[in-house]
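Residue-level listing of the chains:
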Amino acid sequence: RARLAAPDSAPEVKAHAAAGLSAILRARGDFGEAETLDASLAFVRSWSLLGPFEDDAKSGFDAAYPPETDLQMEVTYMGKVHPISWRALPVPAPGGVIPLDQVLDPGEKVTGYALSFVRVASDTPCVIRGGYNEAHKVWVDGELVGSRRTYSGRAFDQYAYGCTLRRGWNVLLVKLCNQESGW
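Keep in mind that what you see is a predicted model, and the values were worked out from it rather than measured. (Residues numbered from 1 in each chain as written. Predicted model: local features only at pLDDT ≥ 70, side-chain atom pairs only at ≥ 80, totals over all residues. Heavy atoms only, no water.)

Asker: Please provide a residue-by-residue account of the layout of surface pockets, values included.
Answerer: Taken as a whole, the largest pocket holds about 1,200 Å³ of empty space. Phe 43, Gly 96, Arg 129, Gly 130 and Gly 131 are, among the 44 residues lining the largest pocket, the residues nearest its centre. Taken together, the elements giving at least two residues each to the lining of the largest pocket come down to helix H2 (11-28), helix H5 (100-103), strand E6 (124-130) and strand E10 (168-178). No other element matches E10, which puts six residues into the lining of the largest pocket. (1 Å grid on protein atoms, 1.4 Å probe; cavity = no way out; pocket = protein on both sides within 12 Å on 5 of 7 lines; lining within 4 Å. Points joined across faces, edges and corners; volume = space filled by probe spheres on them. Helix = DSSP H or I, 4+ residues; strand = E, 2+ residues; numbered from the N terminus.)

This is the structure we're talking about:
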């Protein structure tokens, strides 16, 4: 709490402190204060999810699945083992973490997508920050703004990608690949 209140703390330090404190509060059952902290971090919390597609031998990163070439919300695709379609995350992502392993199955050697819409009043320079469990790509309005072919593990604000959000609604599409141990 001291880091959050300190006027000389860098914004990144305050964000890490807020995220850590939010996780502790959630674990103790204090969801109200955790939600207040989460709101201060401006997480994108409303998502639609699609998947899983194939990622055997880490092939999903380079594969251009339909959301990358022709984003349609009302279509059913053949996924890795069964038909798949977009579906809304049933509750806002707690602490900014999308629980893919609770929504997309199977959870190993797979590729999935998360889609959200962000509205801004005027053109706004932005940094898309995130922690991605393994390989990922991030698009804003169809433009690839960042990617990493790393299969390691997730951490808060692990990656940061600069972009410009345009006045009005912006499409945020994230591709996530996963090999083992669930999303």
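Asker: Provide a residue-level description of helix H3 (residues 31-40), including the pertinent values.
Answerer: Buried within H3 are the following residues: Ala 34, Leu 37 and Asp 38. For H3, the arc enclosing every buried residue in end-on projection is 100°, short of the 170-degree limit, so these residues lie on one face. Along H3, the residues that are exposed and aim more than 90 degrees away from the buried face are Thr 36, Ala 39 and Ser 40. Of the surrounding elements, those touching the buried residues of H3 are helix H1 (2-5) and H2. Following H3 by one or two positions, Ala 42 adopts a phi angle in the positive range, close to 55°. (Buried < 20%, exposed > 50% of the residue type's maximum accessible area, 1.4 Å probe, protein only. Arc of directions from axis to C-beta. Contact = heavy atoms within 4.5 Å.)

Asker: Break down the pattern of salt bridges for me, with residues and values.
Answerer: Overall, the coordinates contain nine salt bridges when judged by the stated rule. A salt bridge links Arg 129 to Glu 12; the nearest nitrogen and oxygen atoms lie 3.8 Å apart. With Arg 129 in strand E6 and Glu 12 in helix H2, this pair connects stretches of sequence that are 117 residues apart. On the basis of relative accessible area, Arg 129 is assigned to the partly exposed category, the value being 41%. Residue Arg 149 is joined to Asp 62 by a salt bridge in which the shortest nitrogen-to-oxygen separation is 2.8 Å. Here Arg 149 is found in the loop between strand E8 (143-148) and strand E9 (159-165), whereas its partner Asp 62 is found in the loop between strand E1 (48-54) and helix H4 (66-69), with 87 residues between them in sequence. Counted as one network, the salt bridges with shared partners bring together Arg 26, Glu 35, Asp 38 and Arg 45. (Salt bridge = Lys/Arg side-chain N within 4 Å of Asp/Glu carboxyl O.)

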